[in-house]
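Secondary and tertiary structure notes
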Amino acid sequence: MADPNNDYPTVIGPDASFKGELKFQKGMRLLGKFEGEIDSKGDLLIAEGASLSGDVKAGTVKIDGVMTGNLEATGKVKLSASAHLEGDMRTARLEVADGAMFSGHVVVGAKDGASKTNGQSASSAPKGKPTPTPEPAVAGKR
Amino acid sequence: MRSQEARSRGGARAKLPNPGWIPVGGLRTAKTKIVNCTHCGGANEVAARAMSVFCAHCRKRLILENYVIKSYQAVKGYATCGDVSVEKRGRVAAPIQSNSLTVKGTVNGKVEARGKVEVTSTGSLEGSLKATSLIVVQGAKFDGYCEIRPTSSTVEEPKPAQLTAPASSSVRSTSSNGVKKISTTSAINKTTIATADALELESPKKKPTAKKSTKKKVAAKKVAAKKTTTKKSDAENETVKKVTTRKPAGSESTAADKPKTIKAISTRRKSTVASK
C-alpha cells in the first residue's frame, strides 16, 4: 500500500493557498490552491478540488483537480477522470482517463528520445572511428 | 398427500414455459449496435454485422468496418465508425476519423477519435488529436495539439440535418397546438385570430431551429392570409361584438374578473368595424 504521507511528505492543505515559487525533494500533495511555479524532481499530486495555476516542472505528476499552466514532467503524467488541465505539456509518458478535460500542445517522448539519440551518438562516437576520417576515404574512392 | 404433492409439482412444472422450443444456439435476435455518424455525429442503430450504412440524419454513407493498416497506402483519409489500428509497419499520412485508434506504427495527420487513443511504445503520432481518452506509453512519440473532452460534449448535439427531415411534421404537430392555444385566446386579439386561423400558426417559439426559408414562407402566407381573411375577421368581429353587447350589466363581476385587455380589444374592434 502506497502511503501518501510517505510518498508526498509535503502537503498544502485544503484550506491553504500558496503564492510563489516552491521546491521540494520527494513529493508534494496539493489539496488547496497554488499560484506560482514549481520546480522539483519529486512527484506532484494535485488532489480533487485543488487548483494550481502556473508552470510546473516535476518528476511524476498526477492530476485529479484543476491545473492551468505549462507542465514538464520527466516521468509520467496521469490525468484522472476529474482532472482539468489547460496548457502545454512535455512528458515521457501520458495517460488521460475518460472524462478528463485537457487542451494544449503535447510533446511526449521527443525530448527523451532526442537526449537518448544524442547520448547514443555521443557514446558511440568515441567507440567507433572518428567521423571526419570516413569522409576523406569516401572522397578518395570517388 | 404424496400424490397431491406430485400433482401440484406436475402442475407447477406444466405451468413453466417449455424450454424445448428454444433453439440450441439461443433465440436469434438481431444484434445491433449504436454508432455515431462521422459527418454529422448523429446516433444510428445499425446491425452488428453491417459493413456500411447510410446515416439516418444526414443521409451520407457511413463505413462501419475496422481498419488494420499494415503498410503505407496512399489514401485521402480514413473515416470509419469502427476502430483503426495502425500496425508496426503501418504508416498513415492522412487524417483519421474513428471510434478508437491504436498506433503501433506512424501516423502523421489530424486524428479525431470518439473513444480511446493509444500510442504504444513503437508508435509515433504527429498531428492534432481529438479524443475522449489517451494513453501514450513510454517510448512512444506524440507531438501535436491535443484536445481531450468527455464523450457527452463530443457526441450529441442537435444537428441541422437531423432537424430538416422531420421539420414539416414537427411544424404540423406544433401548428395543431398553436390552434388550440389560439382558440383559447381567441377573444383577445382579432388580428392574430384572423391570421392564425388561416395559417394555423403556433404562438410560442417551440422550435428555435425553424429555418429562414420557413420563416419567409410563413411571412408570405401571413400576407396572403391577411388578404383572404379580412372578410372572415369582419364577420368574427360582428359576432364578438354581439357577444360583448349581449352580456348583461348584471354580469359586471364576471367582466371585472376578466382582464382589462378584453374590454380594450372590444373597443378596438368596434372602432375598426366603424372605420370599415
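So, how was this worked out
- Residue positions are given per chain, counted from 1 along the sequence in the order it is written.
- Just so you know, chain letters begin at A and ligand numbers begin at 1, following the order they were written in.
- Since the coordinates come from a predicted model, pLDDT governs what is reported: local features require at least 70, and pairs of side-chain atoms require 80 or more to be given and counted, while whole-chain, interface and lining totals use all residues.
- Note on conventions: DSSP H or I runs of at least 4 residues are helices, E runs of at least 2 residues are strands, and numbering of each starts at the N terminus.
- Each residue is classified by how many other C-beta atoms fall within 10 Å of its C-beta atom, where C-beta atoms are placed from the backbone; a count of 20 or more means buried, 12 or fewer means exposed, and values in between mean partly exposed.
- Placing a C-beta atom from the backbone of each residue, one calls two residues in contact when those atoms lie within 7 Å.
- Note on pairing: two strands pair once DSSP finds at least 2 bridges between them.
- The predictor reports its confidence for every residue as pLDDT, a score running from 0 up to 100.
- Structurally, a nonpolar core is described as a collection of buried Ala, Val, Leu, Ile, Met, Phe, Trp, Tyr and Cys residues joined by way of C-beta atoms within 7 Å.
- What counts as an axis is a line fitted to C-alpha atoms, over the stretch in contact for a helix, and the angles between N-to-C directions run from 0 to 180 degrees.

**A look at the overall build of chain B**
Looking only at helices and strands, chain B features 9 helices and 17 strands. Put simply, chain B has 276 residues, and 22% of those count as buried. Residue pairs at least 24 apart in sequence account for 25% of intrachain contacts in chain B once pairs closer than 6 positions are excluded.

**Some thoughts on the overall build of chain A**
Secondary structure summary: chain A contains 3 helices and 15 strands in total. Contacts in chain A between residues far apart in sequence, at least 24 positions, make up 3% of those at least 6 positions apart.

**Notes on the interface of chain B and chain A**
Taken together, the 19 residues of chain B in the interface contact 20 residues of chain A. Listed by contribution, the elements that provide at least two residues to the side of chain B that touches chain A are strand 16 (133–136) and strand 17 (141–148) of chain B. When residues of the side of chain B that touches chain A are assigned to their parent elements, the largest contribution, 8 residues, is made by strand 17 of chain B. Inspection of the sheet shows strand 14 (residues 93–96) of chain A paired to strand 16 of chain B by 3 bridges, in the antiparallel sense. Looking across to strand 16 of chain B, one finds that Leu94 of chain A is bridged to Val136 of chain B.

**Let's talk about the confidence of the model for chain A**
Of the residues in chain A, 75% have a pLDDT of 70 or more, and the chain-wide mean is 80. Confidence over residues 112–142 of chain A falls short of pLDDT 50; this stretch has 4 contacts with residues more than four positions distant or in other chains.

**Overview of the pairing of strand 1 (residues 32–36) of chain B**
The sheet contact formed by strand 1 of chain B and strand 2 (residues 43–47) of chain B spans 5 bridges and is antiparallel. Paired with Val35 of chain B across the strands is Asn44 of chain B, a residue of strand 2 of chain B.

**Focus on the environment of Ile96 of chain B**
Residue and element names in this part refer to chain B. By secondary structure assignment, the location of Ile96 is in strand 9 (residues 96–98). Taking the C-alpha atoms as reference points, Ile96 and Lys110, 14 residues apart in sequence, are found 6.3 Å from one another. Once you skip the residues sitting within four places of it in the chain, Ile96 turns out to touch Gly77, Tyr78, Val84, Leu101, Val107, Gly109 and Val111.

**Section: the nonpolar core**
A general tendency of soluble globular proteins is for nonpolar side chains to be buried together. Leu30, Leu44, Ile46, Val61 and Leu79 of chain A together with Val111 and Val117 of chain B are the most contacted members of the largest nonpolar core, which totals 52 residues. Contact partners of Val61 of chain A, with chain neighbours within four places excluded, come to Leu44, Val56, Leu71, Ala73 and Val77 of chain A. Val35, Cys55, Leu62 and Cys81 of chain B belong to the second-largest nonpolar core, a separate cluster that totals 6 residues.

**A word on the sheet that holds strand 10 (residues 101–103) of chain B**
One open sheet holds the 11 strands; their spatial order is 1(A)-3(A)-5(A)-8(A)-11(A)-14(A)-16(B)-13(B)-10(B)-7(B)-5(B), and the pairing between them is mixed. Of all the strands in the sheet, the pair left with one neighbour each is strand 1 (10–12) of chain A together with strand 5 (67–69) of chain B. Strand-to-strand twist across the sheet, computed as the mean angle between neighbouring axes with direction ignored, equals 10 degrees. With 3 bridges joining them, strand 10 of chain B and strand 13 (residues 116–119) of chain B adopt parallel strand pairing. If you follow Thr102 of chain B over to strand 13 of chain B, its bridge partner there is Glu118 of chain B.

**What about the confidence of the model for chain B?**
Residue and element names in this part refer to chain B. Per-residue confidence for chain B averages 67 on the pLDDT scale, and 44% of its residues sit at or above 70. By mean pLDDT, the top-scoring element of chain B is strand 10 (95), and the lowest-scoring one is helix 4 (residues 167–184) (38). Long-range and interchain partners of residues 153–211, a stretch whose pLDDT sits below 50, account for 70 contacts in this model, where long-range means more than four residues apart. Predicted confidence is poor over residues 239–265, with pLDDT under 50, and the contacts of this stretch with residues over four places away or in other chains come to 12 contacts. Of the two predicted TM-score estimates for the complex, the pTM is 0.57 and the ipTM is 0.73.

**Examining the pairing of strand 11 (residues 76–79) of chain A**
All names here are of chain A. Pairing of strand 8 (residues 61–63) with strand 11 involves 3 bridges; the strand directions are parallel. Among the inter-strand pairings, Lys62 is bridged to a residue of strand 11, identified as Lys78. Note: strand 11 against strand 14, 4 bridges, orientation parallel. Residue pairing for strand 14: Val77 is matched across the bridge by Leu94.

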